[in-house]
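# Topology and contacts: notes
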Amino acid sequence: MDAGALFFWVFATLSVVGAAGVVTMRQPVHSAICLLATFLAVACLFVSAGAEFLAAVQILVYAGGVMVLFLFTIMLVNVRKQASERYVSRTAGAALLAGLLLLVLVGGLAVGDARRWGDSTTGTGAFPPPSAALSSVEIPATSPGAPPERITGNSQAVAWSLYRDWLLPFEVASVLLLVAMIGAVVLGKRTVEKFD
Amino acid sequence: MTAVTLSHWVGLSFVLFTIGVVGVLVRRNLLTVLMSIELMLNAVNINLVAFSRQLGDLGGHVLAVFVIAVAAGEAAIGLALVIALYRLKSSVNLDEAAEMKG
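We now turn to the structure provided with this report.

Rules used in this analysis
Residues numbered from 1 in each chain as written. Chains lettered and ligands numbered in written order. Predicted model: local features only at pLDDT ≥ 70, side-chain atom pairs only at ≥ 80, totals over all residues. Helix = DSSP H or I, 4+ residues; strand = E, 2+ residues; numbered from the N terminus. Buried ≥ 20, exposed ≤ 12 C-beta atoms within 10 Å, placed from the backbone. Contact = placed C-beta atoms within 7 Å. Rg over C-alpha atoms; globule rule 2.2 N^0.38 Å. Core = buried A, V, L, I, M, F, W, Y, C linked by C-beta atoms within 7 Å. Expected span 1.5 Å × (residues − 1). Axes fitted to C-alpha atoms, helices over the stretch in contact; angles between N-to-C directions. Parallel < 35°, antiparallel > 145°, perpendicular 65-115°, else oblique. Nonpolar A, V, L, I, M, F, W, Y, C, P; charged D, E, K, R; others polar.

Per the secondary structure count, chain A includes seven helices and two strands. The N-to-C order of helical and strand elements in chain A reads α-α-α-α-α-β-β-α-α. Within the span of chain A, comprising 196 residues, buried residues form 23% of the whole. Considering only contacts within chain A whose residues lie at least 6 apart along the sequence, 39% involve residues at least 24 apart.

Laid out in structure tokens, this is it:
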């Protein structure tokens, strides 16, 4: 087994174990720590797939921002009281069965399709190494007659694609984040009257 | 052991997604349910990155950036809702918020 495959299996196992921990741990704080492990393992997988920029964003946004939000909320709600409450729903058995069916039926189909399709696109079925298209971008010449410039780096390539081909979705995403921020402030501020 | 291929990545993504679905269905703590939703979004990102590598196309990376942006907004709104629910019910258990069951 080569180093790349070993890397994949180690971090895939780590992420799945972390995800299982999120679902099974009784205390929300323990779930949050398991979620952090999953996020970091997935970031490592992103690096191995040639997505260095996404790995950095994953660590900054998920392991940094989202995790801090979760931990603050866990601090604000009374965790100790919940320890005595039921933590799985009444239909847990049916939910587990549904999850198993989803994994076996739809997941089996998806994996089988991916195998066949991967074979047909590369011919050998091997996962191609991250191609040059993921880590370099050709910039058209700014002045007529000059040769096109070539810059390298995954971040540069993603930025070039993001700000040229995906400019409108990018702006819409920024508006979405603004709306989410205002909404979170309003929801957290307002005092709702109690009713029973 | 065979070499890692696209189908391995898709399989990993599907396992993580299923764990997220089961977490949403099984857990009664609203915080853990939100964490399971984050797991599902992360599984989708793994898929996007794997196909991006298979095709040598940057579109998957850009889409994953958008997914992360939406996930961050969703976490902020969701946790604000958790705090609002906690003010109302003094609990974040989903069984306490079952008025609309009829």
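Further remarks concern the overall build of chain B. Of regular secondary structure, chain B possesses three helices and zero strands. Helices and strands in chain B line up, N terminus first, as α-α-α. In terms of overall dimensions, chain B is more spread out than a globule: its C-alpha atoms have a radius of gyration of 17 Å, far above the 13 Å expected for 102 residues. Projecting the C-alpha coordinates of chain B onto the three principal axes gives extents of approximately 50 × 30 × 25 Å. Burial status across chain B gives 58% buried among its 102 residues. In chain B, 46% of the contacts between residues at least 6 apart in sequence involve partners at least 24 apart.

L45(A), F46(A), L54(A), I46(B) and V49(B) are the most contacted members of the largest nonpolar core, which has 73 residues in total. A per-element tally of this core places helix α3 (residues 59-89) of chain B first, with 13 residues.

Here the focus is the interface of chain A and chain B. In this assembly, 81 residues from chain A lie in contact with 64 residues from chain B. At the level of elements, α1 (3-24), α2 (28-48), α3 (52-76), α5 (92-122), α6 (154-164) and α7 (167-189) of chain A are the ones that each hand at least two residues to the side of chain A that touches chain B. A total of 14 residues in the side of chain A that touches chain B trace back to one element, the largest contributor, which is α5(A).

With that settled, the discussion passes to helix α2 (residues 30-55) of chain B. Residues and elements named next belong to chain B. With 26 residues, α2 ought to run about 38 Å at 1.5 Å a step, and its terminal C-alpha atoms sit 38 Å apart, in line with that. Where burial is concerned, most of α2 is hidden: 20 out of the 26 residues are buried. With its phi angle positive at about 65°, G56 sits one or two positions after the end of α2.

Once that is clear, we can look at α3(B). An ideal rise of 1.5 Å per residue puts 45 Å on 31 residues; α3(B) measures up with 44 Å between its terminal C-alpha atoms. Immediately beyond the C-terminal end of α3(B), within one or two residues, lies S90(B), with a positive phi of roughly 55°.

Take the packing of α3(A) against α2(B) next. What describes two packed helices is the angle between their axes and the distance between those same axes. Contact pair α3(A) / α2(B): the axes reach a minimum separation of 12 Å and the direction vectors enclose 175°. Considered as vectors, α3(A) and α2(B) are oriented roughly antiparallel to each other. Between α3(A) and α2(B), the residues in contact are L54(A), V66(A), F70(A), T73(A) and I74(A) and L31(B), M35(B), E38(B) and V49(B), respectively. Residues of the contact of α3(A) with α2(B), tallied by class, amount to seven nonpolar, one polar and one charged.

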